[in-house]
Amino acid sequence: DRVFAVQREVQEKRDYLIAAKEAFEHMSDGGNVLQKDMVAYLQDPEARAAFQRLELDTDQVEKLFLLMDNDGSEGINLQEFMTGCLRLRGTASCVHLEFLHQDLK
């Protein structure tokens, strides 16, 4: 049933964004997340597992951070993080493709 499929997709996206917000809040001190905050957070195996559940590549934290920092402020706010999670989730090649796209701009 199409309606059920759409409802399931909306619920999955909502659950994903809730998990992304929780990860952000663990990294943040109530404000923006700096690259060093993300790197330090991902030293914890539980944090790496949380990022893996978000389908984010934890092997390239610096690149991931740069791709999420849309305004170049060297800090990621909640909106940038959640948008970045949605855009970059998936296989590791997603990050590679996004970096290539940025290089071409």
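In what follows, the accompanying structure is described. (Residues numbered from 1 in each chain as written. Predicted model: local features only at pLDDT ≥ 70, side-chain atom pairs only at ≥ 80, totals over all residues. Heavy atoms only, no water.)

The subject of this paragraph is the packing of helix H4 (residues 61-68) against helix H5 (residues 78-88). Interhelical geometry of H4 versus H5 gives an angle of 115° and a closest axis separation of 9 Å. Between H4 and H5, the interaxial angle falls into the category roughly perpendicular. At the point where H4 passes H5, the crossing takes the right-handed sense. Contact residues: H4 offers Leu64, Leu67 and Met68, while H5 offers Glu80, Phe81, Gly84, Cys85, Arg87 and Leu88. The class makeup of the residues in the contact of H4 with H5 is 6 nonpolar, 1 polar and 2 charged. (Axes fitted to C-alpha atoms, helices over the stretch in contact; angles between N-to-C directions. Helix = DSSP H or I, 4+ residues; strand = E, 2+ residues; numbered from the N terminus. Parallel < 35°, antiparallel > 145°, perpendicular 65-115°, else oblique. Left-handed = near helix turned anticlockwise from the far one by under 90°. Contact = heavy atoms within 4.5 Å. Nonpolar A, V, L, I, M, F, W, Y, C, P; charged D, E, K, R; others polar.)

For the rest of this paragraph, the subject is H4. Taken together, the buried positions of H4 are Val61, Leu64, Phe65, Leu67 and Met68. The buried residues of H4 occupy one face: seen down the axis, they fall within an arc of 165°. (Buried < 20%, exposed > 50% of the residue type's maximum accessible area, 1.4 Å probe, protein only. Arc of directions from axis to C-beta.)

Before going further, it helps to examine the side chain of Asp57. Looking at where Asp57 falls in the secondary structure, it is placed in the loop between helix H3 (45-53) and H4. Although Asp57 is buried, it makes no salt bridge; Arg48 carries the closest opposite charge, 6.7 Å away. Within the structure, Asp57 has its side chain in polar contact with the backbone nitrogen of Asp59 (distance 3.0 Å). Reaching out from Asp57, the side chain makes a polar contact with the side chain of Gln60 at a distance of 3.1 Å. (Lys, Arg positive; Asp, Glu negative; His and termini not counted. Salt bridge = Lys/Arg side-chain N within 4 Å of Asp/Glu carboxyl O. Polar contact = N/O pair within 3.5 Å; in protein donor to acceptor, adjacent residues only side chain to side chain.)

Another point: the packing of helix H1 (residues 2-27) against H5. Axis separation between H1 and H5 bottoms out at 10 Å; the angle between their running directions is 130°. It follows from the interaxial angle that H1 and H5 lie oblique. Of the two elements, H1 crosses H5, and the hand of that crossing is right-handed. Across the interface between the two elements, Lys13, Tyr16, Leu17, Ala20, Lys21, Ala23, Phe24 and Met27 from H1 touch Leu78, Phe81, Met82, Cys85 and Leu86 from H5. Among the residues forming the contact of H1 with H5, the class breakdown is 11 nonpolar, no polar and 2 charged.

With that out of the way, let us pick up the packing of aromatic side chains. Any pair of aromatic rings gets described here by the distance separating the centres and the angle formed by the planes. This structure, assessed with the given rule, holds 3 aromatic pairs. Ring geometry for Phe24 and Phe81: centres 5.7 Å apart, planes at 45°, overall tilted. Here Phe24, found in helix H1, pairs with Phe81, found in helix H5; they are 57 residues apart in sequence, far enough to count as distant. The exposure classification of Phe24 matches that of Phe81, with both residues buried. Ring plane angle 55° and centroid distance 6.0 Å describe the contact between Tyr41 and Phe51, whose orientation is recorded as tilted. Placement of the pair is Tyr41 in helix H2 (residues 35-41) and Phe51 in helix H3, with a sequence separation of 10 residues. As far as the burial class goes, Tyr41 and Phe51 line up, both buried. Arg89 extends its terminal NZ or CZ atom over the ring of Tyr16, reaching a point 4.3 Å from the ring centre. (Phe/Tyr/Trp six-rings, centres within 6.5 Å; stacked < 30°, edge-to-face > 60°. Lys NZ or Arg CZ within 6 Å of the ring centre and 35° of its normal.)

Within the largest apolar cluster, 24 residues are counted, with the highest numbers of intra-cluster contacts made by Met38, Tyr41, Phe51, Leu56, Met68, Phe81 and Cys85. Of all elements in the fold, only H1, H2, H3, H4 and H5 reach the threshold of two or more residues within this core. (Core = buried A, V, L, I, M, F, W, Y, C linked by side-chain atoms within 4.5 Å.)

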